[in-house]
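Chains, contacts and geometry: an overview
For reference, the chains in residue letters:
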Amino acid sequence: AQSVTQLGSHVSVSEGALVLLRCNYSSSVPPYLFWYVQYPNQGLQLLLKYTSAATLVKGINGFEAEFKKSETSFHLTKPSAHMSDAAEYFCAVSDAGVNSDKLIFGPGTRLQVFP
Amino acid sequence: DAGVTQSPTHLIKTRGQQVTLRCSPKSGHDTVSWYQQALGQGPQFIFQYYEEEERQRGNFPDRFSGHQFPNYSSELNVNALLLGDSALYLCASSFNLLNTEAFFGQGTRLTVV
């Protein structure tokens, strides 16, 4: 069965500092991997996705993530945090062999950005 | 383009009651999936509708049911509400079952008292 773990339920950084949010997945088949952001009282917005093309994926708002098969990881990074990045971030996995497969989400990481 | 729209935005129900939540997919999308997000947790897949049929179902009891209409909009029904059903219910739409292109709505916050 597929699963996602996100190390660190809360991450705090200073404005301008590097953002690193960790995601590890478990999947018996090649995965599709996603990062979503959720602002308070809102739905989910797709930041970026890996669908078996380039392993380094660039997304919106300056975020990027690298797929590392050997480490079963898909960590999300941003070189310089902005106050507006404060939100909940979710990593998700689905079965690459089935385009219609459901998304399996991790528990989320709340990012706080201090001035 | 209005994107994915859900109604109502908030709802309060009493234990044992029934509730219906509604979702209109993004223009051009024909597939609707529903997720439950309990407070402080990640979303969990409930079920997916395509061509007016339930195509996949997550680990939810039969109290959770759904429907998709010819215009691709969808309803989520929950019977015999429990306190544990309190959550944010998210609708996601995509085209032709492709979840790699899913767009999420703002969600409906259901509180069961």
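A brief report on the enclosed structure follows. Because the structure is predicted, anything quoted here is derived from the model rather than measured. (Residues numbered from 1 in each chain as written. Chains lettered and ligands numbered in written order. Predicted model: local features only at pLDDT ≥ 70, side-chain atom pairs only at ≥ 80, totals over all residues. Heavy atoms only, no water.)

Along its length, chain A carries zero helices and twelve strands. Scaling as 2.2 N^0.38, a compact globule of 115 residues should have a C-alpha radius of gyration of about 13 Å, and chain A matches this with 14 Å. Principal-axis analysis of the C-alpha atoms gives chain A an extent of 45 × 30 × 20 Å. Per-residue burial for chain A yields a buried fraction of 44% across its 115 residues. For chain A, long-range pairs separated by at least 24 residues make up 57% of all intrachain contacts whose partners lie at least 6 apart in sequence. (Helix = DSSP H or I, 4+ residues; strand = E, 2+ residues; numbered from the N terminus. Rg over C-alpha atoms; globule rule 2.2 N^0.38 Å. Buried < 20%, exposed > 50% of the residue type's maximum accessible area, 1.4 Å probe, protein only. Contact = heavy atoms within 4.5 Å.)

Right, let's talk about the interface of chain A and chain B for a bit. With 18 residues of chain A at the interface, the matching set in chain B holds 20 residues. Counting the surface lost from both chain A and chain B, the interface buries some 1600 Å², and carbon and sulfur atoms represent 53% of this. Remark: the boundary between chain A and chain B carries zero salt bridges. The interface formed by chain A and chain B includes three residue pairs in polar contact (both at pLDDT 80 or more). Looking at which element gives the most residues to the side of chain A that touches chain B, the answer is strand E5 (residues 31–38) of chain A, with four residues. Its residues placed into classes, the side of chain A that touches chain B shows eight nonpolar, seven polar and three charged. (Buried area = accessible area lost by both parts, 1.4 Å probe. Salt bridge = Lys/Arg side-chain N within 4 Å of Asp/Glu carboxyl O. Polar contact = N/O pair within 3.5 Å; in protein donor to acceptor, adjacent residues only side chain to side chain. Nonpolar A, V, L, I, M, F, W, Y, C, P; charged D, E, K, R; others polar.)

Residues and elements named next belong to chain A. Within the secondary structure, Gln-6 is located in the loop between strand E1 (3–5) and strand E2 (10–14). For Gln-6, a relative accessible area of 8% gives the class buried. Polar side-chain contacts of Gln-6 include one of 3.1 Å to the backbone oxygen of Tyr-89. Once residues lying within four places of it in the same chain are set aside, the contact partners of Gln-6 are Arg-22, Trp-35, Tyr-89, Phe-90, Cys-91, Gly-106, Pro-107, Gly-108 and Thr-109.

What makes a disulfide is a covalent bond joining the sulfur atoms belonging to two cysteines. Residues and elements named next belong to chain B. A complete count under the given rule lists two disulfides over all chains for this structure. Between Cys-23 and Cys-91 runs a disulfide, and the two sulfur atoms are separated by 1.8 Å. Judged by the torsion about the S-S bond (-60°), the Cys-23/Cys-91 disulfide is left-handed. Within this pair, whereas Cys-23 is found in strand E3 (residues 19–24), its partner Cys-91 is found in strand E9 (residues 87–94), the two being separated by 68 residues in sequence. Taking relative accessible area as the criterion, Cys-23 reaches 1% and is therefore assigned buried. Using a relative accessible area of 0% as the deciding quantity, one classes Cys-91 as buried. (Disulfide = S-S within 2.5 Å.)

The next thing to look at is the packing of aromatic side chains. Aromatic rings considered in pairs are described by the distance between their centres and by the relative angle of their planes. Scanning the model with the defined rule gives 14 aromatic pairs over all chains in all. Measuring from ring centre to ring centre gives 5.1 Å for Phe60(B) and Phe64(B), while their planes differ by 65°; the resulting arrangement is edge-to-face. Accessibility classification places Phe60(B) together with Phe64(B) in one group, the buried group. Taken together, the aromatic side chains of Phe34(A), Tyr36(A), Phe90(A), Phe105(A), Tyr35(B), Phe45(B) and Phe104(B) make up a single cluster linked through ring pairs. Its guanidinium or amino end placed over the ring of Phe103(B), Lys26(B) lies 4.9 Å from that ring's centre, counting from NZ or CZ. (Phe/Tyr/Trp six-rings, centres within 6.5 Å; stacked < 30°, edge-to-face > 60°. Lys NZ or Arg CZ within 6 Å of the ring centre and 35° of its normal.)

Function cannot be read off these values alone, since they describe shape.
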